[in-house]
Amino acid sequence: MVCGRSSLECSRFMARKCNRFCARGYLSRPWRLNCLAGSGLLLSASLITGMTAEFILLENHWAKIIEAIGEDLSRPGLVDTPKRAAKAFTFMTQGYGLSVEEVVNDALFPSSSSEMILVQDIELYSLCEHHLLPFIGKCHVAYIPTGKVLGLSKIARIVDVFARRLQIQESLTAQIAETVMEVTNAEGVGVIIEAQHMCMMMRGVEKQNSLMKTSAMLGSFRSEHKTREEFLALLQM
């Protein structure tokens, strides 16, 4: 017992985000860890609510951020916001829990094709690692196979593995290209990303019509001018 209640009772209150209880100072706000960590409630709460200890920590940090800007976590519109924000942030960074092997799942198929394969306009959502604000756009991926082709949806899944992380667009473009090259053993790979960055639109210079384009060319896409021209022509760039 820490606040006059058993760990089970306090964990249930925490799971309901009820900050009317445990008001003796340790839990004057819903997720105060000087009570939770010291009493092992993170573990018991995760068992009762099905949430991991990491998720509960993330929820606690969101609560602290909301408090730090002067808001009242007890008002109706914010009672569940730390949990919702933690869920959203977990979803937006789910790429850290995914591996290329897992998403590709051996979906490589024999093919006699030696012509360029292009998957265009793959929706892309990522978070700028400098400001934790979204950048949103589309990704174009092309490759020239050498005996095997990759399942169509796997290209989009590879994009998501790296986009659903804290990123800068330059690195994201290169990571997608290098991964497709490695997985397919292609003759060449070309990747272009076009995105708008909220960190440049919502804050700072506040330029609403700016669009950032990055490219990564590997293999024949880098060494052969005609291959690059075909790629850009297909994209009408």
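Residues numbered from 1 in each chain as written. Predicted model: local features only at pLDDT ≥ 70, side-chain atom pairs only at ≥ 80, totals over all residues. Heavy atoms only, no water.

J.: Break down helix H7 (residues 152–163) for me, with residues and values.
T.: Side chains of residues three or four places apart in an α-helix project in the same direction, reflecting 3.6 residues per turn. Taking 1.5 Å of rise per residue, the 12 residues of H7 would be expected to cover 16 Å, and the 18 Å separating its terminal C-alpha atoms lies within 8% of that figure. The inward-facing, buried residues of H7 contact helix H6 (100–104), strand S2 (117–128), strand S3 (134–144), strand S4 (148–150), strand S5 (166–167) and helix H8 (169–184). (Helix = DSSP H or I, 4+ residues; strand = E, 2+ residues; numbered from the N terminus. Expected span 1.5 Å × (residues − 1). Contact = heavy atoms within 4.5 Å.)

J.: Hey, could you go over the side chain of Gln167 for me, with residue numbers and the actual values?
T.: Looking at the secondary structure, you find Gln167 in strand S5. On the accessibility criterion, Gln167 (4% relative accessible area) is buried. From its side chain, Gln167 meets the backbone oxygen of Phe162 in a polar contact 2.9 Å long. Side-chain polar atoms of Gln167 contact the side chain of Gln175, separated by 2.7 Å. Ignoring sequence-local partners within four residues, the contact set of Gln167 consists of Ser126, Leu127, Cys128, Glu129, Phe135, Phe162, Leu172 and Gln175. (Buried < 20%, exposed > 50% of the residue type's maximum accessible area, 1.4 Å probe, protein only. Polar contact = N/O pair within 3.5 Å; in protein donor to acceptor, adjacent residues only side chain to side chain.)

J.: Describe in detail the pattern of salt bridges, supporting the description with residues and values.
T.: For the coordinates displayed, the defined rule picks out three salt bridges. Here Asp121 makes a salt bridge to Lys138, at a shortest N to O gap of 3.8 Å. Residue Asp121 is found in strand S2, and its partner Lys138 is found in strand S3; the two are separated by 17 residues along the sequence. You can call Asp121 partly exposed: its relative accessible area is 36%. Look at Lys138 and you get partly exposed, because its relative accessible area is 33%. As a salt-bridge pair, Glu194 and Lys213 come within 3.7 Å of each other at their nearest N and O atoms. In this pair, Glu194 sits in strand S6 (residues 188–197) while Lys213 sits in strand S7 (residues 212–219), placing the two residues 19 residues apart along the sequence. For Glu194, a relative accessible area of 10% puts it in the buried group. Judged by its relative accessible area of 51%, Lys213 falls in the exposed class. (Salt bridge = Lys/Arg side-chain N within 4 Å of Asp/Glu carboxyl O.)

J.: So, the pairing of S2: which residues are in play, and what are the values?
T.: Bridge count for S2 against S3 is nine bridges, and the pairing is antiparallel. Looking across to S3, one finds that Leu118 is bridged to Ala142. Of the strand pairs in this sheet, S2 and S5 are connected by two bridges, and their pairing is parallel. Bridge pairing links Cys128 to Gln167 in S5. (Pairing = 2+ DSSP bridges.)

J.: Explain unusual backbone geometry to me, using residue names and the numbers behind them.
T.: Trans peptide bonds make up most of the peptide bonds, and negative phi angles are found at most residues other than glycine. Look at Asp121: it is not a glycine, yet its phi comes out positive at around 60°. One non-glycine residue, Glu206, adopts positive backbone phi at about 50°. Within the secondary structure, Glu206 sits in the loop between helix H9 (198–201) and S7.

Everything listed is a geometric property; what it means functionally is a separate question.
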